[in-house]
Amino acid sequence: MVKVYAISLVVGIIGLLVVIMGGAFAENVGHPERDPSELMGIRGKAAVGALVGFGMGGMSAEFSPLDFTWPVSLLLAVIAAVLSVVWVRYAVTQAGS
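Residues numbered from 1 in each chain as written. Predicted model: local features only at pLDDT ≥ 70, side-chain atom pairs only at ≥ 80, totals over all residues. Heavy atoms only, no water.

1. Some words on the layout of surface pockets
- Put simply, the largest pocket is a space of about 240 Å³.
- Every residue lining the largest pocket is counted, ten residues in all, and those nearest its centre are Leu 16, Val 19, Lys 45, Val 48 and Val 88.
- Elements represented by at least two residues in the lining of the largest pocket include exactly α1 (2-28), α2 (36-62) and α3 (70-95).
- In terms of residues, the lining of the largest pocket owes the most to one element, α2, which gives five residues.
- Of the residues in the lining of the largest pocket, the class split is six nonpolar, three polar and one charged. (1 Å grid on protein atoms, 1.4 Å probe; cavity = no way out; pocket = protein on both sides within 12 Å on 5 of 7 lines; lining within 4 Å. Points joined across faces, edges and corners; volume = space filled by probe spheres on them. Helix = DSSP H or I, 4+ residues; strand = E, 2+ residues; numbered from the N terminus. Nonpolar A, V, L, I, M, F, W, Y, C, P; charged D, E, K, R; others polar.)

2. Here we look at the environment of Val 19
- Along the chain, the position of Val 19 falls in helix α1.
- Val 19 sits 25 residues away from Gly 44 along the chain, and the two C-alpha atoms are 9.9 Å apart.
- Once residues within four sequence positions are removed from consideration, Val 19 is found in contact with Asp 35, Pro 36, Ser 37 and Met 40. (Contact = heavy atoms within 4.5 Å.)

3. Some remarks on unusual backbone geometry
- Residue Asp 67 is not a glycine yet carries a positive backbone phi of 55°.
- Here Asp 67 lies in the loop between α2 and α3.

4. Concerning the packing of α1 against α2
- Taken N-terminus to C-terminus, the directions of α1 and α2 make an angle of 145°; their axes are 7 Å apart at the nearest point. Considering how the two elements wind past one another, α1 and α2 form a crossing that is left-handed.
- A breakdown of the residues in the contact of α1 with α2 according to their chemical character gives 18 nonpolar, eight polar and one charged. (Axes fitted to C-alpha atoms, helices over the stretch in contact; angles between N-to-C directions. Left-handed = near helix turned anticlockwise from the far one by under 90°.)

5. Here we look at the packing of aromatic side chains
- For the structure shown, the criterion picks out two aromatic pairs.
- Where Trp 87 meets Tyr 90, the ring centres are 5.4 Å apart and the plane angle is 40°; that geometry is what we call tilted. Of this pair, Trp 87 and Tyr 90 both sit in helix α3, three residues apart, which is roughly one turn of that helix.
- Note on Trp 87: relative accessible area 56%, which makes it exposed. (Phe/Tyr/Trp six-rings, centres within 6.5 Å; stacked < 30°, edge-to-face > 60°. Buried < 20%, exposed > 50% of the residue type's maximum accessible area, 1.4 Å probe, protein only.)

In structure tokens form, the structure reads like this:
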């Protein structure tokens, strides 16, 4: 399962970098309508957040000194993904996007 968490984390971080760097680039060239975060919408942002949360939660649980079994680690990863989606939705509504 470590490989699944690692792939999820890498894909999520790449998505996060695309959103951040793409938004900065779109603003700098004068085309804010091409901002990836605007094109993705709330569902795309939530998906990126879920990927990062799932990967971080799973990796943290797998390498925890408490030595969780893999089903417990998977459950903790899913909980982290859900909490990440909740956080993304809260942050987007607070930012006014």
